[in-house]
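Structure assessment
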Protein chains: 2
Amino acid sequence: MYILEQNNKISLHIQLYEQIKNDIIENYNVGDKLTSVRKMASLYNLSKTTVESAYSQLVAEGYIESYPKSGYRVEDTNSVLFESKNAKSTLSNEEEIDWLYDFYPARLSQDSFPLKLWKRLFTKYIDESLDFCMYSNGQGEYGLRVEIAKYLAKLRGVHCHANQIVVGGGFIDSMGLLARILHKKHPVLAIENPGYYAARNVFESYGFDIQKVGLDNHGLKIGELKETKAKLVYVTPSHQYPTGVTIPISNRHKLLDWARQNDGLIIEDDYDSELNYINRPIPSLQGLDQFDRVIYVGTFSKSLSAALRVSYMVLPTHLMTSYQTNFSAYFTSVSLMTQKTLEKFMSEGHWERHLRKIRTLNRKKHNLMKSLLIEKLGNTMKIEAQGGGLAILINPTVDIDLKKLKEFAKKERIKIYFAKNVCGGDWDAIRMGFGGFKEEDIEKAIELFAGIWHQSLL
Amino acid sequence: MYILEQNNKISLHIQLYEQIKNDIIENYNVGDKLTSVRKMASLYNLSKTTVESAYSQLVAEGYIESYPKSGYRVEDTNSVLFESKNAKSTLSNEEEIDWLYDFYPARLSQDSFPLKLWKRLFTKYIDESLDFCMYSNGQGEYGLRVEIAKYLAKLRGVHCHANQIVVGGGFIDSMGLLARILHKKHPVLAIENPGYYAARNVFESYGFDIQKVGLDNHGLKIGELKETKAKLVYVTPSHQYPTGVTIPISNRHKLLDWARQNDGLIIEDDYDSELNYINRPIPSLQGLDQFDRVIYVGTFSKSLSAALRVSYMVLPTHLMTSYQTNFSAYFTSVSLMTQKTLEKFMSEGHWERHLRKIRTLNRKKHNLMKSLLIEKLGNTMKIEAQGGGLAILINPTVDIDLKKLKEFAKKERIKIYFAKNVCGGDWDAIRMGFGGFKEEDIEKAIELFAGIWHQSLL
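Residues numbered from 1 in each chain as written. Chains lettered and ligands numbered in written order. Predicted model: local features only at pLDDT ≥ 70, side-chain atom pairs only at ≥ 80, totals over all residues. Heavy atoms only, no water.

As for the relation of the copies chain A and chain B
It takes a turn of 180° to lay chain A on chain B, together with a shift of 0.1 Å along the axis; the resulting RMSD is 0.1 Å. Here the copies are linked by what is in effect a two-fold axis. Using C-alpha coordinates, one finds that chain A approaches the rotation axis most closely at A:Tyr206, a distance of 2.6 Å. (Least-squares fit on C-alpha atoms with pLDDT ≥ 70 in both.)

Here it is in structure tokens:
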């Protein structure tokens, strides 16, 4: 007996379908005949259409089948295989500590994002002329790529055409696409050690053979690179991660020459290049390259917004053919709305102004944190890297119990970051991010940090 | 002799730096001494600070070095290695044909995106409480995941907690992350043949061993699956791509049983599941699963907006630990703005209303195209798949010159799509997309298509 409610929000044929389905699962055997449509309709005072709709759904899902002249019969659903229930375990809720001070080394302060301006541009330029129901250009909107090319030419010395730019949903996303493009021709990748592990992990997940190359005070040791079998190398020439070293012009030329002679390729991660507080930004390696040997990778995460998820790559022209042939079906994961708004943000000159503004702002924070670290920690630490980016790297010069430091930090609700977690090795440095702080908070944060630091000294 | 312009927009120290740099490149030898800071300042009537800034930049880039007591000397820049110039070839501009009718099989019509509403929600909910300068939750914003979980429970019969959902930047992006999560434990992947090549390609690029499994009118042949070494299978159970077959309940149970007995996993691509014009949407395979064996993948591309770039996965709880341990550093590529707006779009009930609306709209278009195809092509074709999604698949039943058809189509500026391009094999079907058309255009489009069709018959 099925109970069908006329005034229920759920329509009659769905009520009927649900109840028959449960009836089949619990009470019917394979081959059992269902009540005919006509009889069912008259029994429950329903239209034939209603009953037919319910039966049609059961046919579509495979519970019953319609046989000529004999009507609907129950199919073998194999549901006996699943009599035992296995409660799905629930996951714990995600941990959220309310940090008092967070030294995250790769963030800008919340108020530095030009939210009002962004909303104004969004409201103005997102309109009916854009087709949100179609896949947009897989490589990124042409207009945005033109703006990125202009910016790179003007401020980073990168020479490229908009056609060579591929827009991605963040650095890791771009590196993933790059790994797919390169992995057949270049299965061995040389990387800086210590270096940026996130990059390494992407290539590792595609089965690349990773060769670690050491550093000296001119960056990557080119002699060591030549001893590897790699014809592909990942470098951070402007501001090495994590040491902050800049590859000097002599080694840039050597590196380019290595690539040219070996039919090799250089991935230039232009990490933190725009945030240089002592000198002007170092021009890109790509701009020096005359032989199309450099893949340039950049992101808006550390200079505009990490939550916007936009990155880009400049591919050498010879890789564009391979990209267009094999990856034309890959769509950039950046929404058309974000792309359009960013394009206008750049074309109207806001981007350059914004860069100047955050450079000034973060230079102040950098200098303040540097002088406070020197004042409060004195010669118990050495500044390992400074002068750019969003963090100062410090290394203890005396014995310190880092485990204790970590515990104290958690107790005081200070979040600190060890370099080794992202670049491995014996690198004991701590990455003291200043970008996320308001200027007035830096003193209090360092004071608290200095307190736990001195308590942790052995 | 350097020419420094006081009224130039470029500051004096940068003018000086640029000119010395070029001078070094063209005229200096390694070891040559630079004019001292003091002398340079007096020669050009500059402050010492200006000259020091220019020299400091040259040191930073490695053109010169400062030696105690002897001043600045030119370093070996190795630039002789690069005397020959190799003009970077330019790429042709991207081809854009102005199609009259485009039968793209996976799009909605441009006016079906709720643009005004979206802008209203964006303006209302994107505010200072959101931190755009920090990386947001790598798995996706919790609030959005809660909405997706609610929707999946209510309309797709998927049972999951928001904690199991991972938000991605489109189907391919989600599949890429999934491939990374699975490839160590499950190096062999079984796929439907014919099937969706984009999915296959992702797994292939991660080095998975791909095993093709045939189909019958119940979908994937489970007997054939059992003969492979695969413990991982990719299926489109609601609406097989491209045949449109639904896996009946009996085979769903068999498939789940195969997974349970083999410690296997099923990737359920719930392709086109919401757009079902004959019956109700078929409940998901995930919802039947009692043993945590199904990974459910969905996207907003075909029901809301392809240009928005949002997809999601539901991971079994046992995979969440591996995800959280190994992939916590991966950030979803969906911007915080898109996530927040989508969350509100869903939580305020617009999403369900939108789905009903586009289902009604596309049902009409589907029925119209179907009847026109029957009317105009008659028995020269057979309808292979229909009743759901955004395209009808037709197969010629008489000899036809497909090359000619392609040429005629291009000439008439009609863009047509062959199934074999995306699912391979001998599958000659043509995918007649209706979603992108306005209702009133379908008749004209089919008329034109029928014309070239009949001209191509042998």
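This is not the end of the story, as more comes after the structure.
Quick look at the interface of chain A and chain B
On the side of chain B, 105 residues touch chain A, which itself brings 105 residues to the contact. If you look at where chain A meets chain B, you find four salt bridges. A salt bridge links A:Glu18 to B:Arg280, with the nearest nitrogen and oxygen atoms 3.7 Å apart. The interface formed by chain A and chain B holds 32 residue pairs in polar contact (both at pLDDT 80 or more) in total. (Contact = heavy atoms within 4.5 Å. Salt bridge = Lys/Arg side-chain N within 4 Å of Asp/Glu carboxyl O. Polar contact = N/O pair within 3.5 Å; in protein donor to acceptor, adjacent residues only side chain to side chain.)

Some words on the pattern of salt bridges
Under the counting rule described, the total for this entry stands at 36 salt bridges over all chains. The partner of B:Arg107 in a salt bridge is A:Asp131, with the nearest N and O atoms 2.8 Å apart. With B:Arg107 in the loop between strand S3 (101–102) and helix H4 (115–125) and A:Asp131 in the loop between helix H4 (115–125) and helix H5 (142–156), this residue pair bridges two chains. As far as burial versus exposure is concerned, B:Arg107 and A:Asp131 are alike and both buried. Notably, a salt bridge pairs A:Lys382 with A:Glu384, separated by 3.4 Å at the nearest N-O pair. (Helix = DSSP H or I, 4+ residues; strand = E, 2+ residues; numbered from the N terminus. Buried < 20%, exposed > 50% of the residue type's maximum accessible area, 1.4 Å probe, protein only.)

Concerning empty space enclosed by the protein
Enumeration according to the criterion identifies four cavities of 30 Å³ or more in this entry. If you add up the space inside the largest cavity, you get close to 450 Å³. Taken together, 37 residues form the lining of the largest cavity, with A:Asp173, A:Arg180, A:Ser333, B:Asp173 and B:Ser333 sitting closest to its centre. Contributing elements (two or more residues each) for the lining of the largest cavity: strand S4 (165–168) and helix H6 (171–182) of chain A together with strand S4 (165–168) and helix H6 (171–182) of chain B. Ranked by residues supplied to the lining of the largest cavity, first place goes to H6(A) with seven residues. (1 Å grid on protein atoms, 1.4 Å probe; cavity = no way out; pocket = protein on both sides within 12 Å on 5 of 7 lines; lining within 4 Å. Points joined across faces, edges and corners; volume = space filled by probe spheres on them.)

Digging into the domain arrangement of chain A
Split by domain assignment, chain A resolves into domain 1 (12–94), domain 2 (101–111 + 353–456) and domain 3 (131–349). Taking only C-alpha atoms, the centre of domain 1 of chain A and the centre of domain 2 of chain A are 64 Å apart. (Domains from an automatic or database assignment.)

Considerations on the sheet that holds S4(B)
Residues and elements named next belong to chain B. Taking strand neighbours across the sheet as the criterion, the seven strands line up as S4-S12-S11-S10-S9-S5-S6 in an open arrangement whose pairing is mixed. In this open sheet, the two edge strands, each paired with only one partner strand, are S4 and strand S6 (209–213). The average undirected angle you get between the axes of adjacent strands in this sheet is 20°. Two strands pair when backbone bridges link them, and S4 and strand S12 (residues 311–314) are joined in this way by four bridges, in the antiparallel orientation. Opposite Ile165, over in S12, you have Val314 as the bridge partner. Packed on one face of the sheet, helix H7 (residues 197–205) meets strand S5 (188–192), S6, strand S9 (232–235) and strand S10 (265–269) and runs near 155° to S6. (Pairing = 2+ DSSP bridges. Axes fitted to C-alpha atoms, helices over the stretch in contact; angles between N-to-C directions.)

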